[in-house]
Amino acid sequence: MTLLAVLLVCLLAQPALQFYVPGVAPQDFKDGSPIDVRAVKMTSAHTQLPYEYYSLELCKPRSGVVEYFSQNIGQIIRGERIVNTPYVVEMKKNVECRVLCQDKKWDGKASAETSYRIEHEYFVHLIMDNLPCATRFSMPDTGEVQYEPGYRLGYHSNGKNYINNHLKFVLKYHLDEDTDTYRVVGFLIETQSVDKTGLEIRDDGTCSVSSTGPQEVSLTAETGLHFTYQVVWERSQVKWASRWDVYLEMADTQIHWFSIVNSVVVVFFLSGIITMIIIRTLRRDIAKYNMAEEDLEESIEETGWKLVHGDVFRPPINNRLFAAVIGSGIQIFSMLGITIFFAMLGMLSPASRGALLTAAIFLYEFLGLVAGYYSGRLYRTMKGKEWKAAAFLTSTLYPGIVFGIGFFINLFIWGKHSSGAIPFTTMLSVGAMWFGISLPLVFLGYYFGYRKQPYEHPVRTNQIPRQVPGQVWYMHPVVCTLMAGILPFGACFIELFFIFSAIYENQFYYMFGFLFLVFIILVISCSQISIVMVYFQLCGEDYQWWWRSFAVSGGSAVYVAAYSIFYFCTKLEIDEFVPTLLYFSYTSIMVITFWLLTGTIGFYAAYAFIRKIYAAVKID
């Protein structure tokens, strides 16, 4: 709420800038004003290992001082290390050809490292006025113009590696004629590899390209080369507020709509079937169970969910772990819902670099209060006695898994000297946030939740547990989980493809409106499938539904795991050990998160359903 209050104050305090998200207001430039060009990182879809800009021996700033700019937690986790570069760019000042640095000498080791990154198709990401650079290319089959973030470090041809050492900056500006100021609205880069002999360098630092022969990078020997660049300014009618459209326009918008419509139709169709079957059946069941006294003897021999009324609310085994799992799920559900909602409103745009991940982490920490309250009340309902131990387990279960996997994979990334390795100080600060914010809030929530009255159950639990009869094969937990997981996964798998592309192929993801709709559809479908499966389970006189409702609804996580393997094999060309380990480590965190999320949704839907139907029958 504090974050929300600050945002509201910022918006109300500046009525002239209410359209813009705080922190990303436009910057105006005069004719000839200098504009900083900064480097973010180098990335490759083939290795998943980002590197900072100066991890290669590229041209340093003329002052010799490499300046790193402050970053948030989200940027650090994503491997971004924003740093200054020697490029000199001035508003509306064209530069035909200027030397960045000349007679650069790379020894065998530096040449080999550069060759390795060129072979693995590394992209260099620069920003100017917080706008990332992009490269224009045409689709080979349709000829449609597309843009990809960053520019290629070089290219591999006929067994040799060539570096793009001449960059043409195609910059676009929008003129505000009322104030006679300019705003940067486009940052495109055209790359060229120019051999050292094909450059004519003058004394004033300018140059001319007399040859288009490429600059080869030796695999083992020393490499000598020059770095040059060109600046071309073009006037554009694109306004500052729309300058990100080039990056965020997705040619697959129709696929999103098709996915949404398809999911909605399936959910409505399923809702209709569930409503018809369950409501009709339930009415008949309730009418039968509530028969007059004279007809009672006939119905005694009947089987069904009423027969387990004395055991249906019997607490599950490992109630402490169950409360911790549900508490973690509530924390994740609340965090995702709020984050996606604010992202949909445009508060967490890509212009605020790392804001999405940072907001998600902070929200998760503060929502420990909500998780503790609901988990504590549920733990008391399940007749748990050791609430402090349960609170500690709730607060450490999910963060412990994430920290454990993260620290393990971090050791390997450190070994590769990648900027994707989270610095030890950042790990300490995140750990301190958890220890100082999330842990106390979970205990506080537990304190109030455990003291509150437990959830009311419409029937009493018998002293002696009833024996569960043998079940048919299709009611086996594994079969139920696999059958139930198909529907929620089908509702979100297309969106999953775009999320994977954003994470592992360095694409921009900004379809949060679609994601919010998919999130709602996922909640509905998980609830429906959980209710159906638990109803069938109770009809089979199996009252051990607590863990089953969670596992069955979370079954879609099995399909997410299977899809991640399919995506790895078909979309990514990863063939090294550390990148493979990195991919499956991060994906396992996503699968566990999805499992806790969907399982918790299913449990609460089933719990509400069971309390409702047992309240509707007369129990002697």
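Use the structure listed above.
In this text the structure is predicted, and so the values were computed from the model without any measurement.

Moving on, we get to the environment of Leu439. Here Leu439 is to be found in helix 11 (residues 424-451). Counting along the chain gives 67 residues from Leu439 to Gly372, while the straight-line C-alpha distance between them is 9.4 Å. Residues contacting Leu439, with those up to four places away along its chain left out, are Phe392, Ser395 and Trp434.

Now for the nonpolar core. Trp305, Leu378, Leu538, Trp545, Ile610 and Tyr614 are the most contacted members of the largest nonpolar core, which totals 97 residues. Per element, the largest residue contribution to this core is 15 residues, and it comes from helix 16 (residues 577-615). In contact with Trp545, other than residues within four places in its own chain, are Val312, Val534, Gln537, Leu538, Phe603, Ala606, Tyr607 and Ile610. If you look at the next biggest cluster of nonpolar residues, it comprises 59 residues, including Tyr53, Val231, Tyr247 and Ala421.

A separate point is the state of the cysteines. Counted under the stated rule, the structure contains two disulfides. With its sulfur 1.9 Å from that of its partner, Cys59 forms a disulfide with Cys101. Residues Cys59 and Cys101 are joined through a disulfide that is left-handed, its torsion about the S-S bond being -50 degrees. Pair noted here: Cys59 is in the loop between strand 2 (37-43) and helix 2 (73-77) and Cys101 is in strand 5 (residues 95-106), with a separation of 42 residues, a long-range link. Grouping residues by exposure puts Cys59 and Cys101 together as buried. Disulfide pairing is shown between Cys97 and Cys207; the S-S distance is 2.0 Å. Because the sign of the S-S torsion sets the handedness, a value of about -80 degrees for the bond joining Cys97 and Cys207 places this disulfide among the left-handed ones. Here Cys207 lies in strand 16 (residues 207-209) and Cys97 lies in strand 5, a separation of 110 residues in the sequence. Residues Cys97 and Cys207 agree in their burial class; the two are buried. The cystine pairing of the protein chain, numbering bonded cysteines in sequence order, is 1-3, 2-4.

Attention shifts here to unusual backbone geometry. Phi angles above zero are rare outside glycine, and Gln48 is one such case at about 60 degrees. If you trace the backbone, Gln48 turns up in the loop between strand 2 and helix 2. On the basis of relative accessible area, Gln48 is assigned to the buried category, the value being 13%. Phi is positive for Asn318, which is not a glycine, with a value near 55 degrees. Inspection of the secondary structure puts Asn318 in the loop between helix 6 (296-300) and helix 7 (319-344).

Moving on: the sheet that holds strand 11 (residues 154-157). Spatially, three strands are ordered 11-12-17 in an open sheet, and the strand pairing comes out antiparallel. Looking at which strands have only one partner, the edges of the open sheet turn out to be strand 11 and strand 17 (216-217). Here two bridges tie strand 12 (residues 160-163) to strand 17, and the two strands are oriented antiparallel to one another. The partner of Tyr162 across the bridge, within strand 17, is Glu216. Each of strand 11, strand 12 and strand 17 is contacted by helix 3 (residues 108-119), which is oriented at about 95 degrees to strand 12, the strand it contacts most.

Before going further, it helps to spend a moment on the pattern of salt bridges. Counting across every chain of the model gives 13 salt bridges. As a salt-bridge pair, Glu113 and Arg117 come within 2.9 Å of each other at their nearest N and O atoms. Of the two residues, Glu113 and Arg117 are both situated in helix 3; the distance of four residues between them amounts to about one turn of the helix. Residue class for Glu113 comes out partly exposed when judged on its relative accessible area of 29%. The buried category is assigned to Arg117, whose relative accessible area is 2%. Notably, a salt bridge pairs Glu386 with Arg320, separated by 2.2 Å at the nearest N-O pair. Here Glu386, found in the loop between helix 9 (368-381) and helix 10 (387-415), pairs with Arg320, found in helix 7; they are 66 residues apart in sequence, far enough to count as distant. Overall, the relative accessible area of 44% leaves Glu386 in the partly exposed class.

The rules behind the values
- Residues numbered from 1 in each chain as written.
- Predicted model: local features only at pLDDT ≥ 70, side-chain atom pairs only at ≥ 80, totals over all residues.
- Heavy atoms only, no water.
- Helix = DSSP H or I, 4+ residues; strand = E, 2+ residues; numbered from the N terminus.
- Contact = heavy atoms within 4.5 Å.
- Core = buried A, V, L, I, M, F, W, Y, C linked by side-chain atoms within 4.5 Å.
- Buried < 20%, exposed > 50% of the residue type's maximum accessible area, 1.4 Å probe, protein only.
- Disulfide = S-S within 2.5 Å.
- Pairing = 2+ DSSP bridges.
- Axes fitted to C-alpha atoms, helices over the stretch in contact; angles between N-to-C directions.
- Salt bridge = Lys/Arg side-chain N within 4 Å of Asp/Glu carboxyl O.

These figures come from the coordinates and say nothing about function on their own.
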